[in-house]
Amino acid sequence: MVARSTRESYLLEQLEADKRFHSLSDEQKRAVIEVRRKKELVQRELSVIDQELARIDQELAQFEGRHPGAAAAASAEHNRNDNTKTLDDVQGRQRFNVDPKKGIELLIAAGLLNDTPEDIASFLYKGERLHKTKIGEYLGEHKELNLMVLTKFVELFEFEKMDIVTALRNFLGKFRLPGEAQKIDRMMEEFATVYCKATGSVYSKSDTCYVLAFSIIMLNTSLHNPSVKDKLSADQFVKMNNGINDGGDLPAQLLIDAYHSIKNTPFEIPEDDTQDFTITFYNPDKRGYLVKEGGKHKSWKKRYFVLTDNCLYYFVKESDSEPKGIVPLENLKVEECKLKDRKFTLEIRSDEKFIKSAKTDSGGKMVSGNHEYYRIQASNHEEMMAWMESIRKSISKDPFYAQMQARKKNAMCKQ
């Protein structure tokens, strides 16, 4: 056993007192100890250099007729300013990762960031020590400054020589798409506008880029999400995008190349998030708060519902990124349920004993649901009827056609 020096023993004692140190593996612990040891060596070397500088300054002072230590004092003041800026920078970035707006304000107040859309966009593009979720949150805001920053941010990408799949990989790798549909729409609209402008005459208008971009994102989900059983073929992907180029077709080879690029290499979701529902909800058929009856415990609770892709999703609140439950609308029927104490209630039933569904348990795991029916209450008769009609239309509906219909209609209209 190798004997430790007194200094190494002291370092180890300090680290052992830190609770975080105990959660590290043996290899990580050794790495931390080595970094701390190197830090102390550097600090000792800097101390020697400071002493040497003080000695040299004293000698120079004798020749220049000034008070010794003036240069050292100026140097110390400079170091203090640098240390203050470093601390402000760290605190500003940390604050950004909690509240992006306040973090940027702190950095601007400290003189570390200029209050211009160009500089803020560059700061987000570099993304040093910034959470990608918070970058996406800031870029998606519908305020004048945020919208200008979004434009400048997208313009920082050099799309000129990129195919659309490569451009999307670069773009979506810089941040995480937020959960709100309107935010996603704005960000993808800006991507489409800038990309279309940068790549010239292949696309007739930006709506074509927008539709194709979302088709590629949905293709990624279709090919690589294990819950999707029917995988799109290359021919289906080409047909799905017929007519989106101002009424005409894009080159088939462009679509086939995009298909194989995604098939061979799926998109990487920033921050290793393994379940991203944001694309699913970018253009839902219907959404809003309703009151749902519990399955096991028959209590009624307010939930946020999203109807899309012939599935009914419900969340505890609108801002949640993952659903509390999922009800695939297959072989189901919906009708009004007349309850004495619950007006404007609809009921979703199956011809089978139980409805095929999934929900999140108390431990955060997705498990199979055990519902014979779902009862959901609207705030008035009109709202109940609107939801019933939307659900009926969604049953057995082609999800890809449903998601792309609105944009395709616009993209296929000749100017």
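Here the structure is a predicted model, which means the values were calculated and not measured.

Definitions and cut-offs
Residues numbered from 1 in each chain as written. Predicted model: local features only at pLDDT ≥ 70, side-chain atom pairs only at ≥ 80, totals over all residues. Heavy atoms only, no water. Core = buried A, V, L, I, M, F, W, Y, C linked by side-chain atoms within 4.5 Å. Buried < 20%, exposed > 50% of the residue type's maximum accessible area, 1.4 Å probe, protein only. Helix = DSSP H or I, 4+ residues; strand = E, 2+ residues; numbered from the N terminus. Contact = heavy atoms within 4.5 Å. Pairing = 2+ DSSP bridges.

Undergrad: Is there a simple way to explain the nonpolar core in this structure?
TA: Taken as a class, soluble globular proteins show a tendency for nonpolar side chains to be buried jointly. Residues Leu-124, Ile-164, Met-188, Phe-191 and Ile-216 are the most contacted members of the largest nonpolar core, which totals 58 residues. Among the elements that line this core, the one with the most residues is helix H11 (residues 206–224), at ten residues. If we skip the residues at most four places from it in the chain, Phe-191 touches Val-154, Phe-159, Ile-164, Ala-167, Leu-168, Phe-171 and Ala-213. Listed in part, the 20 residues of the second largest apolar core include Phe-305, Leu-307, Ala-378 and Trp-387.

Undergrad: Is there a simple way to explain the pairing of strand S2 (residues 300–308) in this structure?
TA: Side chains on a regular strand alternate between the two faces of the sheet. In the sheet, strand S1 (residues 286–293) pairs with S2 via eight bridges, with the strands oriented antiparallel. Paired with Leu-290 across the bridge in S2 is Arg-303. Note: S2 against strand S3 (residues 311–315), five bridges, orientation antiparallel. Looking across to S3, one finds that Tyr-304 is bridged to Phe-315.

Undergrad: What am I meant to see in the environment of Ala-198 here?
TA: Within the fold, Ala-198 resides in helix H10 (residues 181–199). Residue classification places Ala-198 among the partly exposed residues on the basis of a relative accessible area of 25%. Apart from the residues lying within four places of it in its own chain, the contact partners of Ala-198 are Phe-159 and Glu-160.

Undergrad: Any chance you could explain unusual backbone geometry here in plain terms?
TA: Comment: phi is negative for the bulk of residues other than glycine, and the bulk of peptide bonds are trans. Of note in this structure, Asn-331 is not a glycine but carries a positive phi near 55 degrees. Considering the arrangement of structural elements, one finds Asn-331 in the loop between strand S4 (325–328) and strand S5 (332–337). Classification of Asn-331 by relative accessible area gives exposed; the value is 63%. Residues other than glycine seldom take positive phi values, yet Phe-344 does so here, at roughly 60 degrees.

Undergrad: Before we go on, may I ask you to explain the environment of Gly-369 in this structure?
TA: Considering the arrangement of structural elements, one finds Gly-369 in the loop between strand S8 (366–368) and strand S9 (373–377). Relative accessible area serves as the criterion here: at 16%, Gly-369 is assigned to the buried category. Through-space distance from the C-alpha of Gly-369 to that of Val-327 is 8.8 Å; in sequence the pair is 42 residues apart. Not counting the four nearest positions on each side in its chain, Gly-369 is found in contact with Ser-357 and Ala-358.

Undergrad: Which parts of the structure should I look at to understand the pairing of S4?
TA: A two-sided burial pattern is seen for S4, the buried positions comprising Gly-325 and Val-327 on one face and Ile-326 and Pro-328 on the other. As defined by bridge partners, S3 adjoins S4 across four bridges and the pair is classed as antiparallel. Bridge assignment links Leu-312 to a residue of S4, and that residue is Val-327. Judged from the two bridges that link them, S4 and strand S7 (residues 358–360) form a sheet pairing that is antiparallel. The partner of Gly-325 across the bridge, within S7, is Lys-359.

Without other data, these values stay purely geometric and don't point to any function.
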